[in-house]
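Each chain, written out:
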Amino acid sequence: MDSLNYLAGYPESIRQQVATLIKQETLGKLLLSRYPVPHGYTTDKMLYQFASGLKNESMKNAQQVSKVCYDNKIQVIKHALGTHTAISRIQGGKLKAKAEIRIANVFKLSAEPLLRMIVVHELAHLKEKDHNKTFYNLCCHMEPNYHQLEFDTRLYLTYLDKFGPLY
Ligand SMILES: [Zn+2]
């Protein structure tokens, strides 16, 4: 069970069920039935537009995001599925805050709902840096199915670790 790193925060009964799916080699079939195709947002430009769309839908008054990109240096473990940085710098005599969102490269080839979940997660961090109740309320405000999608994302990452690419 030690190898289910991505599911460390979930109850043992759930982890057991996932271990069984792995042993029976049916985890891939389950994931494909829920997420039959990968999204098409494969470039940084497309990712930026996708993230901006989500932000404008439900986080209009949050800080502007100046950059959204894929990053092949992010090691996807536990909570680090993406990163966000807030940079403050002096521009024209004024202090400007800029926000950057980096999404782990592994999400380049994932289903749209899973990419959406990780983008929503990083957008919520623009308003709340800790993983607390306010943070998860924000996530669920942007994506009502957030918790299921986060679980499925962890299932997907577990699958990639054990069996390689799904698509
Ligand atoms: Zn986070």
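Our subject is the structure listed above.
To keep things clear, this report deals only with the structure shown in the data block. (Residues numbered from 1 in each chain as written. Predicted model: local features only at pLDDT ≥ 70, side-chain atom pairs only at ≥ 80, totals over all residues. Heavy atoms only, no water.)

Focus: the overall build of the protein
Then, number 1: Scanning the protein for helices and strands turns up six helices and three strands.
Then, number 2: In the protein, the succession of helices and strands from N to C terminus is α-α-α-β-β-β-α-α-α.
Then, number 3: For the protein, contacts bridging at least 24 residues in sequence account for 64% of all contacts bridging at least 6.
Then, number 4: Per element, the accessible surface of the protein, about 9200 Å² overall, is 53% carbon and sulfur. (Helix = DSSP H or I, 4+ residues; strand = E, 2+ residues; numbered from the N terminus. Contact = heavy atoms within 4.5 Å. Areas by Shrake-Rupley, 256 points an atom, 1.4 Å probe, with all protein chains shown as cover.)

Here we look at the coordination of the zinc ion
Then, number 1: For the zinc ion, every protein donor is listed as His121 (NE2), His125 (NE2) and His131 (NE2), and the spread of their distances is 2.1 Å.
Then, number 2: Site description for the zinc ion: donor spacing in sequence, H-x3-H-x5-H.
Then, number 3: Overall, His125 belongs to the buried group, its relative accessible area being 7%. (Donors = N, O, S within 2.8 Å, 3.2 Å for Na, K, Ca; no water. Buried < 20%, exposed > 50% of the residue type's maximum accessible area, 1.4 Å probe, protein only.)

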